[in-house]
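Geometric and topological summary
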Amino acid sequence: MNADLERLIRLQRAETDLRRVEGELSEVPRRRADLDAALAAEKARLEAARQELAGGQKARRQHEGELQDLEAKRSRLKGQLMEVKTNKEYTAMLHEIEAVERDIRAREDQILSEMERGETLAVEVKREEDLYRQAEERHRTQGRALDERARALGEQAGRLGAERDAVAATVPPGVLELFHRVARLRGGVAVAAAQDGMCQVCHVKLRPQMYVDLKRNEEIMQCPACNRILYYEPAPPVVAAEP
Ligand SMILES: [Zn+2]
């Protein structure tokens, strides 16, 4: 094979691998942000559950205070009941006491339902705390895995970049210039295999004589359609199906 063609193939492989690695590296910050967002969402659910529980407890304390006031009022009214002078006053005061007792029962019912609700909310907070602990653990594990992946990708990128530069340094300037020009126009892919009489990237059918010449891999030839530098790659052997 033409030595420059062989170098270009290696150069393209290093470039393509480097692009893939750099592409994945550039995804790392977004993936890290996704991990942080998942943890923050779980934290927000826990905080909401805690707030709801605290809100219920506050309402209950307020109703308990009101209940105490009502009970004090009832005692006071019952004391005054002994001091009234007329039947009419007595009846009026009894009605007043009955009204206070209705309020007391209503408050007691409220407090009871708040206690029941508080128990449900406390279970919910406990559940959210468990979920948050799990989310923290996931965040730690996945964060470490992502760090590890980023480190490996960084190393790979360094190695591929050095390999690319080393190969590029051995390619004659004119050929390298052609490579870069085609790469710029063709999404970073300047070298394409030819197989079955076709350019394997743009799939244009090559003229028979050109394909015959290409098969020798002795000169730098470009695809007439996409301009990529072509090299011949024999089709992989067909594996016979087992009888
Ligand atoms: Zn082509």
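Structure: above.
First things first, this report covers the structure right here in the doc.

Thresholds applied
- Residues numbered from 1 in each chain as written.
- Predicted model: local features only at pLDDT ≥ 70, side-chain atom pairs only at ≥ 80, totals over all residues.
- Heavy atoms only, no water.
- Pairing = 2+ DSSP bridges.
- Helix = DSSP H or I, 4+ residues; strand = E, 2+ residues; numbered from the N terminus.
- Expected span 1.5 Å × (residues − 1).
- Buried < 20%, exposed > 50% of the residue type's maximum accessible area, 1.4 Å probe, protein only.
- Arc of directions from axis to C-beta.
- Contact = heavy atoms within 4.5 Å.
- Polar contact = N/O pair within 3.5 Å; in protein donor to acceptor, adjacent residues only side chain to side chain.

1. Thoughts on the sheet that holds strand β4 (residues 229-232)
Ordered in space as β2-β1-β4-β3, the four strands form an open sheet in which the pairing is mixed. In this open sheet, the two strands that pair with only one neighbour each are β2 (198-199) and β3 (221-222). Examined bridge by bridge, strand β1 (residues 191-195) and β4 share four bridges and lie parallel to one another. Bridge pairing in β4 links Ala192 to Leu230.

2. Let's talk about helix α3 (residues 173-185)
The end-to-end C-alpha distance of α3, which contains 13 residues, comes to 18 Å, matching closely the 18 Å that a straight helix rising 1.5 Å per residue would cover. Every buried residue belonging to α3 is among Val175, Leu176, Leu178, Phe179, Val182 and Ala183, and all of these are buried. Axial view of α3: buried residues confined to an arc of 155°, hence all on one face. Projecting away from the buried face of α3 at angles above 90 degrees are the exposed residues Pro173, Gly174, Arg184 and Leu185. For α3, the secondary structure elements touched by its buried residues are α1 (3-81), α2 (87-170), β1, β3 and β4. Just downstream of α3, Gly187 is the residue with a positive phi angle, here 55°.

3. Some thoughts on the side chain of Asn2
Among the structural elements, Asn2 can be located in the segment before α1. Assessed through its relative accessible area of 18%, Asn2 is described here as buried. There is a polar contact of 2.7 Å between the side chain of Asn2 and the backbone nitrogen of Asp4. If sequence neighbours within four positions are ignored, Asn2 has contacts with Asn217, Glu218 and Glu219.

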